[in-house]
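Listed below, chain by chain, are the residues.
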Amino acid sequence: MFPEREPIKKGYHPVDFEMIHKELQKKNVTLKLLHHEYCSMARDAGRIPYAYRSFTEKYGSYAKKYKLTMPIRRKPGEVLEVDWAGATLKIMDSAAGEEIEAYVFVAALPYSQYFYAEAFLDMKSRSWLTAHVHAFEYFGGVTETLVPDNLKTGITKHRRGDSQVNEAYRELADHYRTVVVPSRIRKPKDKPSAEGAGGFLSPQIIAALRNYQCFHIEDLNKEIHSRLEEMHTQEFQKRSGSRKSVFTEEESATLRPLPKTRFKMTEWRTAKVQLNYHIQVERMFYSVPYDYTREDVDVRLTANLIEIYFKDVRIASHTRLKGAIGQYSTNTDHMPDNHRLYLDHNPESNRAWARTVGTNMEKFVTYILENNVEKKALGFLAVIRNLNKEHSNDQMEAAAKSLLEVASQPTISVYKSILDRQKKKAARASSVTERSNRSKEDHGFTRINDTFNVS
């Protein structure tokens, strides 16, 4: 008549499943550990313990019979479930006289059911990260793991058993020493607290504020936080205490401490390197080494810095441009040699080059710059500097000296003709010297010393 008593008659030690159920709520407690403790108690009582398989099967039947959900609840400080609430709020744009949607971020601690909510004007990555930072500071600590929905602001790719976390979201998790564990697609039970908090917020806050008129997002958030505090102090219906008391007494101390410095907001984007070896970010242009032309690169943005990565290697960084659109930030080291030479072709660089040749060349270059518009003068100087490839500095200086002596208005054509005459004169002198040397070799005398033997 009482089949549940049959194992006890056979000598098996009974299991207090209610106690097992409560112990499972505690941090780091597992069924394996509880079975080990049960076996110790059975041996002390001189009875036979159930094998681990039978132990877990019997506990499963117990939990199923009473429809208990406590085993899937998290331990204190273990998880923070985050999501955007389904319903939205409104704020009034005083300038346009139109209503603007405000999206509500929800972060819930499953153990204490203590949660945080904040309204934003969009659901972009920056708002998502800012909401996390504010939530951590509201709780005064960080959980071991974060369980977000598979939003693109947090998760870029989701594969079976493998999810790729957004780079900016990963940086935030690293800074706060936590781990992102995305929920499975179309599995709301993976984050029941966030889903429940969103549903709880809908009538308690979102619906209650449906007729609340405000003109700034800050005013709306003040009202949300005021109502949050009221709800946190309300007593539970099915457990003792309130959200705030359970959080303060049992969960707050289990959270990991906040880092000393606040997370610096970052944002990641992708860009294609243009033919002018620049990328475009928010209608500003930043250079990268020209070898990466036409490649796709990752761009990390902070408030004051732009960092450019190719296959996880940083290839360039720039101070973030602000102000008028269309500005360029160009590092000359990123340019090909011919572009760098063109960029360096200016009056100052030409005067510096002339000084390396000689005083007469410096006077000639100064004359060209002072008697021609800059663009035309730079064209003349480019011709002169190209001549330096075929003529030495001494030859260039000598030609400049001759030019300044014979011409009151020296020109490029006269300078080139002087260089040509110098070259021909040097060639003739070399030819004469060579013929003279050959003539001496052909008509020279040879003295022969004869040795006579005198007997």
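Quick summary incoming for the structure in this document. If you're wondering where the values come from, they're calculated on a predicted model, not measured in any experiment.

Thresholds applied
Residues numbered from 1 in each chain as written. Predicted model: local features only at pLDDT ≥ 70, side-chain atom pairs only at ≥ 80, totals over all residues. Heavy atoms only, no water. Core = buried A, V, L, I, M, F, W, Y, C linked by side-chain atoms within 4.5 Å. Buried < 20%, exposed > 50% of the residue type's maximum accessible area, 1.4 Å probe, protein only. Helix = DSSP H or I, 4+ residues; strand = E, 2+ residues; numbered from the N terminus. Contact = heavy atoms within 4.5 Å. Axes fitted to C-alpha atoms, helices over the stretch in contact; angles between N-to-C directions. Parallel < 35°, antiparallel > 145°, perpendicular 65-115°, else oblique. Left-handed = near helix turned anticlockwise from the far one by under 90°. Nonpolar A, V, L, I, M, F, W, Y, C, P; charged D, E, K, R; others polar. Pairing = 2+ DSSP bridges. Salt bridge = Lys/Arg side-chain N within 4 Å of Asp/Glu carboxyl O. Arc of directions from axis to C-beta. Phe/Tyr/Trp six-rings, centres within 6.5 Å; stacked < 30°, edge-to-face > 60°. Lys NZ or Arg CZ within 6 Å of the ring centre and 35° of its normal. Expected span 1.5 Å × (residues − 1). Polar contact = N/O pair within 3.5 Å; in protein donor to acceptor, adjacent residues only side chain to side chain.

A few words now on the nonpolar core. Among the nonpolar cores identified, the biggest contains 28 residues, and Leu80, Phe105, Ala107, Leu129, Phe139, Tyr169 and Leu172 are the most heavily contacted of them. Secondary structure elements with two or more residues in this core: β1 (79-93), β2 (98-109), β3 (114-120), α5 (125-139) and α6 (167-175). The element best represented in this core is α5, accounting for 7 residues. With near-sequence residues (within four places) excluded, Ala107 lies in contact with Leu80, Glu81, Val82, Tyr114, Phe115, Tyr116, Ala135 and Phe139. Ranked by size, the runner-up nonpolar core spans 21 residues in total, among them Phe364, Leu381, Met396 and Tyr415.

Two elements in contact, helix α12 (residues 359-370) and helix α14 (residues 393-406), have axes separated by 8 Å at closest approach and are oriented at 60 degrees. In this view, α12 runs oblique relative to α14, as classed from their interaxial angle. As for how α12 packs across α14, the hand of that crossing is left-handed. Across the interface between the two elements, Thr359, Asn360, Met361, Lys363 and Phe364 from α12 touch Met396, Glu397, Ala400, Lys401, Leu403 and Leu404 from α14. Taken together, the residues that form the contact of α12 with α14 break down as 6 nonpolar, 2 polar and 3 charged.

What follows deals with the pairing of β3. Of all 7 residues in β3, 7 are buried; the element is thus mostly enclosed. Along β3, one buried face is formed by Tyr114, Tyr116, Glu118 and Phe120 and the opposite face, lined by Phe115, Ala117 and Ala119, is buried too. Across 7 bridges, the pairing between β2 and β3 is antiparallel. Counterpart to Ala108 in the pairing with β3 is Phe115. In sequence, β2 turns back onto β3 through a hairpin of 4 residues, with Gln113 there showing a positive phi of about 60 degrees.

Here the idea is simple: oppositely charged side chains can pair when their charged atoms come close. In total, this model carries 15 salt bridges according to the counting rule given. Residue Arg170 is joined to Glu167 by a salt bridge in which the shortest nitrogen-to-oxygen separation is 2.3 Å. Here the residue Arg170 and the residue Glu167 both occupy positions in helix α6, the gap between them amounting to 3 residues, near one helical turn. With a shortest N-O distance of 3.8 Å, Lys272 and Asp296 are connected by a salt bridge. Taken together, the residues Lys272 in strand β8 (residues 267-272) and Asp296 in strand β11 (residues 296-301) connect sequence positions 24 residues apart. Classification of Lys272 as partly exposed rests on a relative accessible area of 49%. With a relative accessible area of 53%, Asp296 lands in the exposed category. The network of salt bridges with shared partners includes Glu171, Arg300, Glu307 and Arg314.

Moving on: the pairing of strand β4 (residues 145-148). Residue alternation in β4 divides its side chains into two sets, Thr145 and Val147 and Leu146 and Pro148, and both sets are buried. Where β1 and β4 come together, 4 bridges link them in parallel fashion. Following the sheet pairing, Val79 is matched in β4 by Thr145.

Within the span of helix α9 (residues 243-251), buried status applies to Arg243, Val246, Phe247 and Glu251. The arc enclosing the buried residues of α9, seen along the axis, measures out at 100 degrees, which places them on a common side. Facing away from the buried side of α9, by more than 90 degrees, are the exposed residues Thr248 and Glu249.

Enumeration according to the criterion identifies 20 aromatic pairs in this entry. Measuring from centroid to centroid gives 6.4 Å for Tyr38 and Tyr50, while their planes differ by 15 degrees, and the two rings are stacked. Of this pair, Tyr38 sits in helix α3 (residues 31-44) while Tyr50 is found in the loop between α3 and α4 (52-65), placing the two residues 12 residues apart along the sequence. Of the residues examined, Tyr38 reaches a relative accessible area of 3% and is grouped as buried. On the basis of an interplanar angle of 65 degrees and a centroid distance of 5.7 Å, the ring pair of Trp128 and Tyr169 is categorised as edge-to-face. In this pair, Trp128 is assigned in helix α5 and Tyr169 in helix α6, connecting sequence segments 41 residues apart. The class for Trp128 is buried, based on a relative accessible area of 0%. Taken together, the ring pairs in this structure connect Trp84, Phe105, Phe120, Trp128 and Tyr169 into an aromatic cluster. Its end group placed over the ring of Tyr52, Lys32 keeps NZ or CZ at 4.5 Å from the ring centre.

Quick look at the sheet that holds strand β10 (residues 284-287) now. A sheet is described by the order of its strands in space; here 3 strands give the open sequence β9-β10-β14, paired in mixed fashion. In this open sheet, the two strands that pair with only one neighbour each are β9 (278-281) and β14 (328-329). Taken together, the 4 bridges between β9 and β10 define a ladder with antiparallel strand orientation. Paired with Ile279 across the two strands is Tyr286, which belongs to β10.

Okay, helix α8 (residues 217-232) next. Compared with an ideal rise of 1.5 Å per residue, which puts 16 residues at 22 Å, α8 spans 22 Å between its outermost C-alpha atoms and is within 8% of the ideal. Taken as a whole, α8 has its buried residues at Ile217, Leu220, Asn221, Ile224, Leu228, Met231 and His232. For α8, the angular spread of buried residues about the axis comes to 105 degrees, placing them on one side. Away from its buried face by more than 90 degrees, α8 exposes Glu218 and Lys222.

The residue Ser329 is located in strand β14 in this model. Here His318 takes part through its side chain, which lies 2.8 Å from a polar atom of the side chain of Ser329. Those residues in contact with Ser329 that sit more than four places away from it in its chain are His278, Phe285, Tyr286, Ser287, His318 and Leu321.

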